[in-house]
Amino acid sequence: MFKGGIGQMMKKAQKMQGDMAKAQEALAQIFVTGEAGGGMVKIEMSCRHVVKTVRLDDSLMGDDKEMLEDLIGAAFNDALAKVERAAQGKMLDVTGGIELPGGMKLPGF
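The following refers to the structure shown.

Reading the values: rules and limits
Residues numbered from 1 in each chain as written. Predicted model: local features only at pLDDT ≥ 70, side-chain atom pairs only at ≥ 80, totals over all residues. Heavy atoms only, no water. Buried < 20%, exposed > 50% of the residue type's maximum accessible area, 1.4 Å probe, protein only. Helix = DSSP H or I, 4+ residues; strand = E, 2+ residues; numbered from the N terminus. Pairing = 2+ DSSP bridges. Contact = heavy atoms within 4.5 Å.

The next subject is the pairing of strand S1 (residues 31–36). Covered by surrounding structure in S1 are Val-32, Gly-34 and Ala-36 only, the residues Phe-31, Thr-33 and Glu-35 on the alternate face being uncovered. Where S1 and strand S2 (residues 41–46) come together, 6 bridges link them in antiparallel fashion. Bridged to Thr-33 within S2 is Glu-44. Here S1 folds back onto S2 in antiparallel fashion, the turn holding 4 residues, of which Gly-37 has a positive phi close to 65°.

Printed below as a string of structure tokens:
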């Protein structure tokens, strides 16, 4: 009886592992855009943390360097926050809506 329980648990774990791999592949295809300065700086990033594009409004080219650096950092952080929310949603899909205890994360998420 106990072996059947462990066997069933192993099957579920293998299925979840396969589902995680699929979710990670899907995240590579999802892009978010982080913005700062009212959209004057935009960073497009995949949900696997790969920056695809950085766009700067032409009006920023005459502004001071420190402000531009701050806006780029803010846009990057905005994109990262959006990636985190998208990845969290995918993880909940993989785990069937069950949040893992103690802040545990699935590998790759």
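Moving on to the environment of Ala-36. Secondary-structure assignment places Ala-36 in strand S1. Taking the C-alpha atoms as reference, Ala-36 lies 7.3 Å from Ile-72; in sequence the two are 36 residues apart. The contacts of Ala-36, once residues within four sequence positions are left out, are Val-41, Leu-71, Ala-74 and Ala-75.

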